[in-house]
Amino acid sequence: TNNWSPALGRPPPAPDPSSASPDFVHMLQEGSIARLSGLQSQPLLNGVTVKVVKYQSLKQRYVVTFPSGERGRATFKPENLLPLNSIVPARV
């Protein structure tokens, strides 16, 4: 619920990502490049660059590939992917 009004003189608080819907956290597009971060079960992968293949909304995970080829596809939570760039489709 947004209780903000112009009379308060301040903007509404930012949404809390931990309670966000999948639509809120689904920001990376297919083909985007990201860096893995905050992984606890596989800390050696922190800092590794990956390419987004797609978003699995039911699992709330991104499917990624490792451009260096050392691994196959894997899935990660959105909060473990730091965007490095986004692929924007060209308009014709």
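Everything quoted here is computed from the prediction, not taken from an experiment.

1. What about the overall build of the protein?
Secondary structure summary: the protein contains one helix and five strands in total. Secondary structure elements in the protein, listed N-terminal to C-terminal, are α-β-β-β-β-β. Split into buried and exposed, the 92 residues of the protein put 24% on the buried side. Of the accessible surface of the protein, which amounts to about 6900 Å², a share of 54% is contributed by carbon and sulfur atoms.

2. Quick notes on the nonpolar core
One finds L36, V50, F66, F76 and L81 to be the most contacted residues of the largest nonpolar core, which totals 15 residues. Mapped by element, the contributors of at least two residues to this core are β1 (33-36), β2 (49-56), β3 (61-65) and β4 (74-76). Look past the residues within four positions of L36 in its chain and what remains in contact with it is L45, N46, G47, V48, V50, F66, F76, N80 and L81.

3. Here we look at the environment of S68
Topologically, S68 is positioned in the loop between β3 and β4. Distance in space between the C-alpha atoms of S68 and T49 is 8.4 Å, their sequence separation being 19 residues.

4. Some words on the confidence of the model for the protein
Averaged over all residues, the pLDDT of the protein equals 77, while 64% of them reach at least 70. When the elements of the protein are averaged for pLDDT, helix α1 (residues 22-25) gives the smallest value, 44, and β3 the largest, 97. Under a pLDDT of 50 for its full length, residues 14-25 has, in the predicted model, nine contacts with residues more than four places off or in other chains.

5. Observations regarding the packing of aromatic side chains
Inspection of every chain in the model, using the stated rule, returns one aromatic pair. The residue whose ring lies beneath R71 is F66, and the NZ or CZ to ring-centre distance is 5.6 Å.

6. Some details on the side chain of N80
With respect to the helices and strands, N80 occurs in the loop between β4 and β5 (81-85). Of note is the side chain of N80, whose polar atom sits 2.9 Å from the backbone oxygen of S37. Ignoring sequence-local partners within four residues, the contact set of N80 consists of R35, L36, S37, G38 and L39.

7. Let's talk about the sheet that holds β1
Pairing within the open sheet is antiparallel, and its five strands lie in the order β4-β3-β2-β1-β5. Taken across any chain shown, the strands that pair with only one partner, and hence form the sheet edges, are β4 and β5. Taking each pair of neighbouring strands and ignoring which way they run, the sheet shows an average axis angle of 50 degrees. Relative to β2, β1 is paired through three bridges, and the arrangement is antiparallel. Looking at the pairing, A34 lines up with V50 of β2.

The rules we used
- Residue positions within a chain follow its written sequence, with the count starting from 1.
- The predicted origin of the model limits local features to residues at a pLDDT of at least 70 and limits the giving and counting of side-chain atom pairs to 80 or more, whereas totals for whole chains, interfaces and linings rest on all residues.
- Based on all heavy atoms of the structure, the side-chain values leave hydrogens and waters out of the count.
- Only runs of H or I of at least four residues qualify as helices and only runs of E of at least two qualify as strands under DSSP, and these elements are numbered from the N terminus.
- Working definition: with a 1.4 Å probe on protein chains only, accessible area under 20% of the residue-type maximum means buried, over 50% means exposed, and in between means partly exposed.
- Surface exposure here means Shrake-Rupley accessible area, sampled with a 1.4 Å probe, where a residue is shielded only by the protein chains that are shown.
- Take the buried Ala, Val, Leu, Ile, Met, Phe, Trp, Tyr and Cys residues and link them wherever side-chain atoms come within 4.5 Å; each set so joined is a nonpolar core.
- By the convention used here, residues are in contact when the closest approach between their heavy atoms is within 4.5 Å.
- The pLDDT value expresses, per residue, how confident the predictor is, ranging between 0 and 100.
- In this scheme Phe, Tyr and Trp rings, the latter by its six-membered ring, pair at centre separations within 6.5 Å, and the angle between planes marks the pair as stacked below 30 degrees, edge-to-face above 60, and tilted otherwise.
- Note on criteria: charge over ring means Lys NZ or Arg CZ within 6 Å of the ring centre, with the direction from the centre no more than 35 degrees off the ring normal.
- Under this definition, polar contacts are N or O atom pairs within 3.5 Å; protein pairs additionally need one hydrogen-donor-capable and one acceptor-capable atom, and for neighbouring residues in sequence, both atoms have to be side-chain atoms.
- Pairing between strands is defined by DSSP: at least two bridges between the two strands are required.
- Angles run from 0 to 180 degrees between N-to-C directions of axes, and those axes are lines fitted to C-alpha atoms, restricted for helices to the stretch in contact.

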